[in-house]
Amino acid sequence: EPGGRAQARLPQAQRPPQLHLHDGEPAWQVAAVTGPWLDPEGQPARPYSNARLMWDTHALYLALYAADEDIRSSGPHADAFSVQLALDGGPQWALHLPVAVSASEAVGVGGARASGPAVQASVDIDGEPDAGGAEGDEEWQVFAAVPWRSLGLTPHPGQVLRLTLARCDVPRDGVRRCGRWQGAYELGSDG
């Protein structure tokens with residue numbers, strides 16, 4: 001809810017996480033983890049998705065996980081996450097961040113003022129994209145750093161970050177399924 005209280009504190013990173021180390025990066029183990037993602041009927045969304053998040057004064061860090069039996073990096077059903085952000089106490093704005101599994105299109109930003117460093121991202125894929133699920137597709141993850149400066153923001157502890165995370169998938173059965181998570185975090189301090 002737009003006026004609701006934050007449900008949890010978002011940890012402040014002691015140092016920026018290495019985006020290329022993925023699960024071997026200890027910082028992701030202390031990041032906040034989203035709760036259950038729900039389908040449009042309010043049931044647990046399938047396939048499974050989750051996100052880990054943390055922040056520092058330079059960026060918001062995201063680790064987005066997707067279980068997937070048919071990874072698609074192109075075409076009308078290309079796999080992607082949608083991330084919408086709003087930070088209380090700042091100007092009215094929203095960030096829409098589609099994240100595709102194609103490494104060449106790892107992150108795109110729309111709807112935000114682009115006036116600073118670009119978003120950095122890496123993709124880790126367990127499977128063979130665009131092989132029709134025949135190569136043992138299992139999952140993919142995107143690790144991203146979204147610089148606050150690129151959004152025209154200067155965050156500080158105590159502000160509330162509101163998020164809507166969404167993902168749609170078309171598994172081998174051809175039926176499109178969507179899930180989303182919505183919540184709010186209070187930006188925590190490093191101490």
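The rules we used
- Residues numbered from 1 in each chain as written.
- Predicted model: local features only at pLDDT ≥ 70, side-chain atom pairs only at ≥ 80, totals over all residues.
- Heavy atoms only, no water.
- Salt bridge = Lys/Arg side-chain N within 4 Å of Asp/Glu carboxyl O.
- Helix = DSSP H or I, 4+ residues; strand = E, 2+ residues; numbered from the N terminus.
- Buried < 20%, exposed > 50% of the residue type's maximum accessible area, 1.4 Å probe, protein only.
- pLDDT = per-residue confidence, 0-100.
- Contact = heavy atoms within 4.5 Å.
- Pairing = 2+ DSSP bridges.
- Disulfide = S-S within 2.5 Å.

Some words on the pattern of salt bridges
Here comes step 1: Taken as a whole and judged by the stated rule, the model has 7 salt bridges.
Here comes step 2: Between R162 and D88 there is a salt bridge whose closest N-O contact spans 3.2 Å. Of the two residues, R162 is situated in strand 10 (residues 160-169) and D88 in the loop between strand 5 (80-87) and strand 6 (95-96); the sequence distance between them amounts to 74 residues.
Here comes step 3: When its relative accessible area of 15% is taken as the criterion, R162 is described as buried.
Here comes step 4: Overall, the relative accessible area of 31% leaves D88 in the partly exposed class.
Here comes step 5: R167 is the salt-bridge partner of D169, the closest N and O atoms lying 3.6 Å from each other.
Here comes step 6: Within the structure, one salt-bridge network assembled from shared partners comprises D68, R167 and D169.

Quick word on the confidence of the model for the chain
Here comes step 1: Residue-level pLDDT values for the chain average 80, and 77% of them are 70 or greater.
Here comes step 2: Confidence, read as mean pLDDT per element, is least for strand 6 in the chain (52) and greatest for strand 3 (residues 49-55) (95).
Here comes step 3: A low-confidence stretch, residues 103-116 (pLDDT under 50), is modelled with 35 contacts involving residues beyond four sequence positions or located in other chains.

Structural notes on the sheet that holds strand 8 (residues 120-126)
Here comes step 1: The antiparallel open sheet is built from 5 strands, whose spatial order is 2-3-4-9-8. With partners counted over all chains shown, the strands left at the sheet margins are strand 2 (32-33) and strand 8, one partner each.

Details of the state of the cysteines
Here comes step 1: Here the structure, examined in full by the defined rule, presents 1 disulfide.
Here comes step 2: Disulfide pairing is shown between C168 and C178; the S-S distance is 1.9 Å. Classification of the bridge connecting C168 and C178 rests on its S-S torsion, roughly 110°, and on that basis the disulfide is right-handed. Of this pair, C168 sits in strand 10 while C178 sits in strand 11 (residues 177-187), placing them 10 residues apart in sequence.
Here comes step 3: For C178, a relative accessible area of 22% corresponds to the partly exposed category.

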